[in-house]
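# A closer look at the structure
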Amino acid sequence: SGELHETPVSVDRKVDSPIHGVTEMLVGVLGGGQLGRMLCQAASRMAIKVCVLDPLEKCPASEIAHNHMVGSFDDSYTVQEFAKRCGVLTVEIEHVDVATLEKLEQQGVDCQPKASTIRIIQDKYLQKVHFSRHAIPLPEFMEIDDLEGAKRAGDLFGYPLMIKSRKLAYDGRGNAVAKSAEELSSAVTALGGFNRGLYVEKWAPFVKELAVIVARGRDDSVLCYPVVETIHKENICHIVKAPADVPWKIGKLATDVACKAVKSLEGAGVFAVELFLTADNEILLNEVAPRPHNSGHHTIESCYTSQYEQHLRAVVGLPLGDPSMKTPAAIMYNILGEDAGDPGFVLAHRVIGRALSISGATVHWYDKPEMRKQRKMGHITIVGPSMGLVKARLNSIIKEEGSDGA
Ligand code: ATP
Ligand code: MG
Ligand code: MG
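The protein chain carries the name phosphoribosylaminoimidazole carboxylase in an unreviewed UniProt entry, which gives Tripterygium wilfordii as its organism. We quote the UniProt Sequence similarities (unreviewed entry) comment for the protein chain here in full: "In the C-terminal section; belongs to the AIR carboxylase family. Class I subfamily." Among the UniProt annotations of the protein chain, the heading Pathway (unreviewed entry) holds the following wording: "Purine metabolism; IMP biosynthesis via de novo pathway; 5-amino-1-(5-phospho-D-ribosyl)imidazole-4-carboxylate from 5-amino-1-(5-phospho-D-ribosyl)imidazole (carboxylase route): step 1/1."

## Section: the site of ligand 1
Among the 19 residues in the neighbourhood of ligand 1, the closest are listed as Met-162, Ala-169, Glu-201, Ala-204 and His-232. For the shell around ligand 1, the elements supplying multiple residues, two or more each, are β7 (161–165) and β15 (283–289).

## Considering unusual backbone geometry
A cis amide bond, omega -5°, links Gln-112 with the succeeding residue Pro-113. With respect to the secondary-structure elements, Pro-113 resides in the loop between α3 (98–106) and α4 (115–122). Omega for the peptide link from Tyr-159 to Pro-160 comes to -5°, which places this bond in the cis form. By the element assignment, Pro-160 lies in the loop between α6 (147–157) and β7. Within the chain, Ala-135 stands out as a residue other than glycine whose phi angle is a positive 60°. Owing to 9 C-beta atoms within 10 Å, Ala-135 belongs among the exposed residues under this scheme.

How each quantity is defined
Residues numbered from 1 in each chain as written. Chains lettered and ligands numbered in written order. Predicted model: local features only at pLDDT ≥ 70, side-chain atom pairs only at ≥ 80, totals over all residues. UniProt positions renumbered as here; feature names shortened; annotations may be inferred. Near = placed C-beta within 6 Å. Helix = DSSP H or I, 4+ residues; strand = E, 2+ residues; numbered from the N terminus. Buried ≥ 20, exposed ≤ 12 C-beta atoms within 10 Å, placed from the backbone.

This is the structure in structure tokens:
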């Protein structure tokens, strides 16, 4: 880390020609994965220039970004060098060197959302403490340092017990479930042991998982996207349905909780709020992402303003766009990787091939340098006149792969 291999493009803090008043600033994005790629796609359409910082020479955003600096977003020197070239810094991943962002902010560098937000979010335990202080409903949780502590938590919360790693979690990779006290030790080991920094959550007996994307502009204006339902398989997002099929009152409650959570954090951008709906119609917050999110991919085709365009508008200080849906229903399906090698690609190509002949379907392929089991390789969004119809169309695309339908 700390090594800089730059694409030879000259970049100043400001692009020469001012475009629509405020967007002459270069937007620096920490991370160049699929979210960074889709940010670049939205930026390109609006003539906003985005630079990405990512360690992979061939990351999903690299071919679309105005400039790609090859380096680690978790390395202080690299982040500081990157910041020098950008008018505003934002993130597509929260696992960045936040201490350096704080230092840069003190020196006057513009970070959106604020470093304070990244600090809270990137440590899931701190995040839980923060939201409980702000009276946001959450599953009960507790820090654990050793097996004794884990057993005490199990006695208190019962089983199954969710054990989570505080940091560097994504796609469920920092989660382990203990079905009984006997399983605590192996669950902890699976997460890399107590030194990794663990905490536990009471099992949330949800009937549905919901998500709300909240956008906040630099002027503190706030807009919410329609509530969606997210369906996970083995802790990883599988399907998103927009809008969620929930009574109006539940939708309102979910939106209110999401808004309140985001208002407790600082800075501009889009924020995704993951929620549990319980059998007795309670809404509990799972976690917040301070950036565009998998649950908002569908907005590219289904909403007047996509989450990606909205994030850019927010961080550069343009007015926020209309987040409402321009189609009655949308469904999003993640194309997950298989073990490395040709069979995975053949499978993905078959799914994509079928999607290409389906009305209302749009294929997104992230062009990741290699395939891995359960890695997000691409997604398909289908829009249409009803949820029944888009569901049926999705099932006709994925059924032959033995994948659970929608
Ligand atoms: P992401 O990719 O969304 O960042 P992550 O690795 O941060 O995922 P979580 O969001 O904490 O993981 O959990 C992943 C999934 O595990 C949730 O969407 C939910 O299905 C399940 N889950 C998480 N916490 C609990 C809980 N307390 N009780 C029951 N299920 C849970
Ligand atoms: Mg997460
Ligand atoms: Mg999550």
